[in-house]
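# Observations on the three-dimensional arrangement
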Amino acid sequence: MANSGCEVHRFDPSIKSAHVQEGRHLWYHRLSIDWRDPNPAIAAHKLHSNTKKLGTVLNEFGHQKIDVLKADVESAEWKILENLILEDVVEQIGQLVFEVHIHWPGFEVSGNDSAVVRYWYSLLRELELKDFRLFHTYKDLSKPQMFLKKEAFNASSCYTLSWVNTRWK
């Protein structure tokens, strides 16, 4: 995408430098997207000092919209998606491509299996209500066949779901 002239920002908390520009349109940032901004007064949050909400990142970078957001946030996707919806950041996104993990509920998601599935469904339904339409799914068959810590035949613990915002301008 960067080679085609699109401005691309990649977030990876494991890179050595805080911000690296590679080429005219590609930046790497030592940062990961989270569902909360760290509070330096809370000791546990100091461990997450390289994490920020996407809305915070957009404000800091001076961006108003994201044409395409592709994210693999290692089981934090459900809470991040909830934050994007609650703070109306999702409406600033043209296409949303999320890798979702369903082998366990995810970070700070609790309850029995039915409650977890209802929570997941409620987020997907909110996307639909905000006029996002699912246009592509990919089932990663190289991943374990698990669903909420149980083996599941012909399933995968990891799917890539792609939506388009039909209100996008």
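Treat the numbers as computed from the prediction; the structure is a model and nothing was measured. Once a new chain begins, its residue numbering starts again from 1 and follows that chain's sequence as written. In view of the model being predicted, local features appear only for residues whose pLDDT reaches at least 70, and side-chain atom pairs are presented and counted only at 80 or more, with totals across whole chains, interfaces and linings using the full set of residues. With hydrogens and water stripped out, all remaining heavy atoms of the structure feed into the side-chain values.

## A look at helix 2 (residues 54–61)
Looking only at helix 2, the buried set comprises L54, G55, T56, V57 and L58. Where helix 2 is buried, its residues meet strand 1 (8–11), strand 4 (32–34), strand 5 (51–53), strand 6 (66–71), helix 3 (77–86) and strand 7 (93–101). Once helix 2 finishes, G62 follows within two positions and takes phi at roughly 75 degrees, a positive value. Buried, partly exposed and exposed residues are distinguished by accessible area as a fraction of the type maximum, computed with a 1.4 Å probe on protein chains only: under 20%, between the cut-offs, and over 50%, respectively. In this description a helix means any DSSP run of H or I spanning at least four residues, a strand means any run of E spanning at least two, and both kinds are numbered starting from the N terminus. Only heavy atoms enter the contact rule, under which two residues are in contact if any of them lie within 4.5 Å.

## Let's talk about the sheet that holds strand 3 (residues 26–29)
For sheets, the rule is that strands pair by backbone hydrogen bonds, running either parallel or antiparallel. Read from one edge of the open sheet, three strands run 1-3-2, paired in mixed fashion. In this open sheet, the two edge strands, each paired with only one partner strand, are strand 1 and strand 2 (19–21). Taking the axes of each pair of neighbouring strands and ignoring which way they run, one obtains an average angle of 20 degrees across the sheet. Taken together, the four bridges between strand 1 and strand 3 define a ladder with parallel strand orientation. Considered in strand 3, the bridge of R10 is made with Y28. What makes two strands pair is DSSP finding at least two bridges between them. Axes here mean lines fitted to C-alpha atoms, for a helix over just the part in contact, with angles spanning 0 to 180 degrees between N-to-C directions.

## Quick notes on the confidence of the model for the chain
With 93% of its residues at a pLDDT of at least 70, the chain reaches an overall mean of 89. Known as pLDDT, the predictor's per-residue confidence is scaled from 0 to 100. Ranking the helices and strands of the chain by mean pLDDT puts strand 8 (residues 132–139) first, with 97, and helix 1 (residues 43–46) last, with 53.

## Comments concerning the packing of aromatic side chains
Aromatic pairing here means that ring centres of Phe, Tyr or Trp (its six-membered ring) are within 6.5 Å. Orientation follows from the plane angle: under 30 degrees is stacked, over 60 is edge-to-face, and everything else is tilted. Under the defined criterion, the tally for this structure stands at five aromatic pairs. Taking 5.0 Å as the distance between ring centres and 15 degrees as the angle between the ring planes, the aromatic pair formed by W78 and W120 counts as stacked. With a gap of 42 residues between them, W78 in helix 3 and W120 in helix 4 (residues 113–129) connect regions that are remote in the sequence. Residue classification places W120 among the buried positions, given a relative accessible area of 5%. On the basis of an interplanar angle of 85 degrees and a centroid distance of 5.2 Å, the ring pair of W104 and F107 is categorised as edge-to-face. With a relative accessible area of 24%, W104 lands in the partly exposed category. Among the aromatic residues, ring-to-ring pairing joins W35, W104 and F107 into one connected group.

## Here we look at the sheet that holds strand 11 (residues 158–165)
Reading across the sheet, the four strands line up as 6-7-11-8 and stay open at both edges, with mixed pairing between neighbours. With partners counted over all chains shown, the strands left at the sheet margins are strand 6 and strand 8, one partner each. Strand after strand, the sheet turns through a mean of 15 degrees between neighbouring axes, direction not considered. Pairing between strand 7 and strand 11: seven bridges, direction antiparallel. Paired with E99 across the strands is T160, a residue of strand 11. Across the face of the sheet, helix 3 comes into contact with strand 6 and strand 7 while running at roughly 155 degrees to strand 7.

## Thoughts on the side chain of S162
Positionally, S162 belongs in strand 11. For S162, a relative accessible area of 5% corresponds to the buried category. Discounting residues that sit within four places of it in the chain, S162 has contacts with L96, V97, R133, L134, F135 and H136.

## Remarks on the pattern of salt bridges
Whenever a carboxyl oxygen of Asp or Glu lies within 4 Å of a side-chain nitrogen of Lys or Arg, that contact is scored as a salt bridge. By the definition in use, this model includes twelve salt bridges. Between E87 and K53 there is a salt bridge, with the nearest N and O atoms lying 2.8 Å from each other. With E87 in the loop between helix 3 and strand 7 and K53 in strand 5, the pair connects residues that are 34 residues apart, well separated along the chain. E87 gets classed as partly exposed once you look at its relative accessible area, which sits at 38%. Judged by relative accessible area, which is 16%, K53 ranks as buried. Across the salt bridge formed by R133 and D131, the nearest N and O atoms sit 3.5 Å from each other. Within this structure, D34, R36 and E108 form a network of salt bridges that share partners.

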